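Understanding the architecture of this molecule
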Amino acid sequence: MAGRYDLAVIGTGVAATATATRVRAAGWSVAVIDYHPFGGTCVLRGCDPKKVLAGAASALDRVRRMQGKGIAGDTHIDWPALMAFKRTFTDPVPEQRERSFAEQGITGYHGRARFTGRNTLEVNGEAIEARHILIACGAEPVKLGVPGEEYLATNEDFLALAALPRRIVLAGGGYIAAEFSHVAARCGAQVTIIQHGDRMLTRFDPELVDWLDASFRSAGIDVRTGASVQAIEKNGSAYAVQVAREGGTDSVEADLVVHAAGRKPDFDALDLEAGGVAVEKGRLRLNDYLQSTSNPAVYAAGDAAQMGPPLTPVSSHDAKVVAANLLEGNHHRPDYRAVPSVAFTIPPIAAVGMSEHEARNKGIPFRMKRQKASNWFTARQAAQPVYGFKVLVEESSGKLLGAHLVGPHADEVINLFALAIRHDLRAEDLKEMMFAYPTGASDIGYML
Ligand SMILES: Cc1cc2nc3c(=O)[nH]c(=O)nc-3n(C[C@H](O)[C@H](O)[C@H](O)COP(=O)(O)OP(=O)(O)OC[C@H]3O[C@@H](n4cnc5c(N)ncnc54)[C@H](O)[C@@H]3O)c2cc1C
């Protein structure tokens, strides 16, 4: 007999869990399904374990930068011990999540879900029928379509390495490549990034990315832009990565090749056609309420919905919207204004709101302050020469349009700009704030 529920949720990540919990609290019967151990990408294979590693790499880097400035004697990263520390965060999650679902009366299914009808799913031969179905299946590394791509390690593999290989190639140049390369280089690996675009981190301000480039170079990371992976060949326990560049092909030797070339939802396994769930150009066709336009029983949230940027706070925001629409009818639309994003390089780079390019394209009159601020106290005290910002303010209203930061505390200070933009504050409002001194935030007044 089929398990019958008010809501069946595909996934157990942030989007799935936050929706399931809210809807269950309102008295609905709910099931969640995942083929991975419960918990989702962020806490098990993404943000959290990555930040544990980046935190250690950043501590080591600070010690090294402070040599001769009061710190004496080098130190190093003990990779197995760091991994053991990382596991104190990740290992308990699946069991805790499992228990929490059970305590709330949410039924958990392990296995891959696929649609068998407009309101039905199948998981490991078990049938599930639900009034509503939420697709919160997240994203997977995209297929590169090159020979030997089966040799690529995923983010999950990298974040679970028992030992760190000596030579690592990262295929791709987005935030995963940037962050993993900074960690691996500080841990002693020889790192090469193969990026087909003409610069790294294309979602961040190009000028600030140029300033950050010095930190890749000083960490000894070999960044090859305008280059693309053509094939990966296995030679015993090593790999030869064939790289095409203007004017020829190179081969880079590696002990590990990591996929860092972007992520997209994997809808193939879901058999969306059987569920009457329309897809267009790789995206679910959704209305403003995150509901499928072809099957109103189905909603989507988080990375699977692809409506906002693929970030954890967006998954959590989508979940609140979907839960409210399920419980109260379609009244709530997601609001993706001012979602801050950070790449946890050393130092971090961050952005929120409009880019300079976007503001110019929209023809919005704005004033802009940009500066490389290596000589400011914040940078000198941290012995971190990479420090700079670009802030855009609308001429007519004095409101903040966008902020772009690189350097110490950029990952925290960006949140204050996000708050200001989301709540339509003017630059003057921020300038008048008394921020604790000396902190990253106390520089804000000088950035405006
Ligand atoms: C290495 C890395 C670092 C990141 N760092 C950050 C960061 O610093 N900050 C940030 O905001 N975001 C970061 N992200 C992005 C963030 O992790 C995602 O945006 C977020 O986790 C998406 O949550 P979700 O609930 O939409 O999906 P997920 O958490 O991905 O959950 C989807 C779940 O669905 C399951 N699933 C998929 N298909 C099926 C199926 N057919 N049947 C059953 N189950 C299925 C999957 O196993 C998965 O567990 C990072 C991502 C990666 C990969």
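Residues numbered from 1 in each chain as written. Predicted model: local features only at pLDDT ≥ 70, side-chain atom pairs only at ≥ 80, totals over all residues. Heavy atoms only, no water.

**Structural notes on the sheet that holds strand S13 (residues 248–254)**
We apply this condition: DSSP calls a pair of strands paired once it identifies at least 2 bridges connecting them. A run of H or I in DSSP counts as a helix once it spans at least four residues, and a run of E counts as a strand once it spans at least two, with each numbered from the N terminus. Fitted lines through C-alpha atoms serve as axes, helices being fitted only where they are in contact, and the angles separating the N-to-C directions of these axes extend from 0 to 180 degrees.
Strand order in the open sheet made by the three strands is S11-S12-S13, with antiparallel pairing throughout. Both edges of this open sheet fall to strand S11 (227–235) and S13, since each of them pairs with a single strand only. Sheet twist, expressed as the mean angle between neighbouring strand axes with direction ignored, is 25 degrees. Alignment of S11 against strand S12 (residues 238–245), held across eight bridges, turns out to be antiparallel. Considered in S12, the bridge of Asn235 is made with Ala238.

**With respect to helix H9 (residues 312–328)**
The following threshold applies: The span you would expect from a helix comes to 1.5 Å times its residue count less one. Exposure categories follow from relative accessible area, calculated using a 1.4 Å probe and restricted to protein chains: below 20% of the type maximum is buried, above 50% is exposed, and the middle band is partly exposed.
In a regular helix each residue adds 1.5 Å, so 17 residues correspond to 24 Å; H9 covers 24 Å between its end C-alpha atoms and thus fits that length. Residues of H9 that are buried include every one of Val314, Ser315, Asp318, Ala319, Val321, Val322, Ala323, Ala324, Asn325 and Leu326, and no others. Just past H9, the residue Gly329 takes up positive phi, approximately 90 degrees.

**Brief notes about the packing of helix H1 (residues 14–25) against H9**
Our working definition: The cut-offs work like this: below 35 degrees is roughly parallel, past 145 is roughly antiparallel, 65 to 115 is roughly perpendicular, and the gaps in between are oblique. Should the near helix be turned counterclockwise from the far one by less than a right angle, the crossing is left-handed, whereas a clockwise turn marks it as right-handed. Residues count as neighbours in contact if any of their non-hydrogen atoms are within 4.5 Å of one another. When residues are sorted by character, Ala, Val, Leu, Ile, Met, Phe, Trp, Tyr, Cys and Pro go into the nonpolar class, Asp, Glu, Lys and Arg into the charged class, and all the rest, Gly among them, into the polar class.
Packing of H1 against H9 brings their axes to within 8 Å, and their N-to-C directions diverge by 30 degrees. In terms of axis orientation, H1 runs roughly parallel to H9. The two elements H1 and H9 cross, and the hand of that crossing is right-handed. On H9, the residues that touch Val14, Ala15, Ala18, Thr19, Arg22 and Val23 of H1 are Thr312, Ser315, Ser316, Ala319, Lys320, Val322, Ala323, Leu326 and Leu327. Of the residues in the contact of H1 with H9, the class split is nine nonpolar, four polar and two charged.

**Looking at the nonpolar core**
Formally: The term nonpolar core refers to a set of buried residues drawn from Ala, Val, Leu, Ile, Met, Phe, Trp, Tyr and Cys, joined through side-chain atoms within 4.5 Å.
Counting residues in each nonpolar core, the largest one holds 75 residues, and the members touching the most others are Phe158 and Phe417. Filtering out sequence-adjacent residues up to four positions away, Phe417 remains in contact with Val352, Val391, Leu400, Ala403, Leu405, Leu430, Ile444, Met447 and Leu448. Ile10, Trp28, Phe38 and Ala323 belong to the second largest nonpolar core, which has 45 residues in total.

**Here's the deal with the domain arrangement of the protein**
Operational definition: For the purposes of this description, domain bounds are those given by an automatic or database domain assignment. Joining two parts hides part of their accessible area as seen by a 1.4 Å probe, and the buried area is that hidden amount summed over both. Take a side-chain nitrogen of Lys or Arg and a carboxyl oxygen of Asp or Glu: if they are within 4 Å of each other, that pair is a salt bridge. Throughout this description, a polar contact denotes any pair of N or O atoms lying within 3.5 Å of each other; where both atoms belong to protein, one of them has to be capable of donating a hydrogen while the other can accept it, and for residues adjacent in sequence the pair is counted only when both atoms sit in side chains.
Once the domains are mapped, the protein shows domain 1 (3–141 + 264–328), domain 2 (149–261) and domain 3 (347–447). Look at where the C-alpha atoms of domain 2 and domain 3 centre, and you get two points 30 Å apart. Contacts between the two partners involve 10 residues from domain 2, matched on the other side by 15 residues from domain 3. When domain 2 packs against domain 3, the two sides together hide about 1,100 Å² of surface, and 72% of this comes from carbon and sulfur. Summed over the shared surface of domain 2 and domain 3, the number is three salt bridges. With a shortest N-O distance of 2.7 Å, Glu207 and Lys390 are connected by a salt bridge. Taken together, the connections running from domain 2 to domain 3 amount to three residue pairs in polar contact (both at pLDDT 80 or more).

**Focus on unusual backbone geometry**
Trans is the prevailing form of peptide bonds, just as negative phi is the prevailing case for residues other than glycine. Cis geometry marks the peptide bond from Ile346 to Pro347; its omega dihedral reads 0 degrees. Within the element layout of this structure, Pro347 appears in the loop between strand S19 (341–343) and strand S20 (349–353). At Asp271, a residue that is not glycine, the phi angle is positive and equals roughly 45 degrees. For Asp271, the position within the fold is in the loop between strand S15 (263–264) and strand S16 (279–280). Asp271 gets classed as partly exposed once you look at its relative accessible area, which sits at 33%. Unlike most non-glycine residues, Leu290 shows phi in positive territory, near 65 degrees. Topologically, Leu290 is positioned in the loop between strand S17 (283–284) and strand S18 (298–300).

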